[in-house]
Amino acid sequence: MKAEVDDGKVCLKRCLGFFDSVCFLVGCIIGAGIFVSPKGVLEYCQLNVGVALCIWAACGMVCIMCSLCYAELGTSLPFSGGEYYHVKRGLGSLPAFVTIWTLILFIRPASNAARALIFAEYISQPFYSGCPPPDLLKKILALGILWVLCIINSKSIKMSTWVQNIFTVLKMMSLTLIIVYGMIELGSNPKASEPFKEAFDSEVPNAVQTAESFFQGLYAYGGWNYLNYMAGMYLYPPLYHLITTLLYKCGLT
């Protein structure tokens, strides 16, 4: 960890540039959720394609509004800590203390474990064609993945940034291939567009099923709040000024 002096205070050096920060945020958003949530959304929507598309659109609008709020918070209060600092500034130390320990002990570990298990399943699946991989193998692989990532993040910020950038580019390439293949299939195969012709003719999901599908969609969009965790430590100053200018031009600040 490198330190620098800012207004007489010793703090961590700001060493992430614009591309690193964008890859960090995009990599947090485009994670395991986008590869598993579409199936869950469609299943809970009772295979109703029209309702599923509406759920995706609603989830996107909710996340856009939330991310804009966080962008304004991050530029108005450029301090690291994410929700901890925001809750402390607005409600006091005790709620902030409860918030940060809840995140550390329950929310973040559970989220990281879910991603690691999904990643382990995708890695082991090619070796078990026709049957699901053993649960013990997936747990061992997930534990190993978490340990490796923990060591990389503890060893060097630059190394963890390098790994994050590579995996973000790979995920974007894989999603681009999926989208391009889907568009080619829609244009060349007449049967591929049949589910959209009678999109709302299937059974309409009830309130509980709609809520479950909405949760699945939000999980795929999750991660837009992660950049505020390091807004004061690592963000390269031009990135901060760029975000501030964009928000001002949009009338959000």
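This is a predicted model, so every value here is computed, not measured. (Residues numbered from 1 in each chain as written. Predicted model: local features only at pLDDT ≥ 70, side-chain atom pairs only at ≥ 80, totals over all residues. Heavy atoms only, no water.)

## Some points on the nonpolar core
No. 1: In this structure, Val41, Cys45, Val51, Ala52, Ile55, Trp56, Cys59 and Ala220 together form the largest nonpolar core, which totals eight residues.
No. 2: If one sorts the elements of this core by residue count, helix α3 (residues 49–76) sits on top with five residues.
No. 3: When residues no more than four places from it in sequence are discounted, the contact partners of cysteine 45 are Val51, Ala52, Ile55, Glu203, Pro205 and Ser213. (Core = buried A, V, L, I, M, F, W, Y, C linked by side-chain atoms within 4.5 Å. Buried < 20%, exposed > 50% of the residue type's maximum accessible area, 1.4 Å probe, protein only. Helix = DSSP H or I, 4+ residues; strand = E, 2+ residues; numbered from the N terminus. Contact = heavy atoms within 4.5 Å.)

## Brief notes about the confidence of the model for the protein
No. 1: Mean pLDDT over the protein works out to 79, with 84% of the residues at or above the 70 mark.
No. 2: When mean pLDDT is taken per element in the protein, helix α6 (residues 135–155) scores highest with 88 and strand β1 (residues 3–6) scores lowest with 50.
No. 3: Between residues 234–241, whose pLDDT stays under 50, and residues either more than four places distant or in other chains, the model counts 21 contacts. (pLDDT = per-residue confidence, 0-100.)

## A few points about helix α9 (residues 207–221)
No. 1: With 15 residues, α9 should cover 21 Å at 1.5 Å per step; its first-to-last C-alpha distance of 21 Å lies within 8% of that length.
No. 2: Within α9, the full set of buried residues consists of Ser213, Gln216, Gly217 and Ala220. Along the axis of α9, the buried residues cluster in a sector spanning 95 degrees; they form a single face. Every exposed residue of α9 that faces more than 90 degrees away from the buried side is listed here: Ala207, Val208 and Phe215.
No. 3: Buried-residue contacts for α9 involve α1 (18–29), α2 (33–44) and α3.
No. 4: Two to three positions downstream of the cap, the backbone nitrogen of valine 208 sits 3.2 Å from a side-chain oxygen, assigning the N-cap of α9 to asparagine 206.
No. 5: Of the residues trailing α9, glycine 223 is marked for its positive phi of about 120 degrees. (Expected span 1.5 Å × (residues − 1). Arc of directions from axis to C-beta. Polar contact = N/O pair within 3.5 Å; in protein donor to acceptor, adjacent residues only side chain to side chain.)

## Describing the packing of aromatic side chains
No. 1: According to the stated counting rule, one finds three aromatic pairs in the structure shown.
No. 2: When the centroid spacing of 6.0 Å and the interplanar angle of 70 degrees are considered together, the rings of tryptophan 56 and tyrosine 221 count as edge-to-face. You can see tryptophan 56 sitting in helix α3 and its partner tyrosine 221 sitting in helix α9, a full 165 residues away along the chain.
No. 3: For tryptophan 56, a relative accessible area of 19% gives the class buried. (Phe/Tyr/Trp six-rings, centres within 6.5 Å; stacked < 30°, edge-to-face > 60°.)

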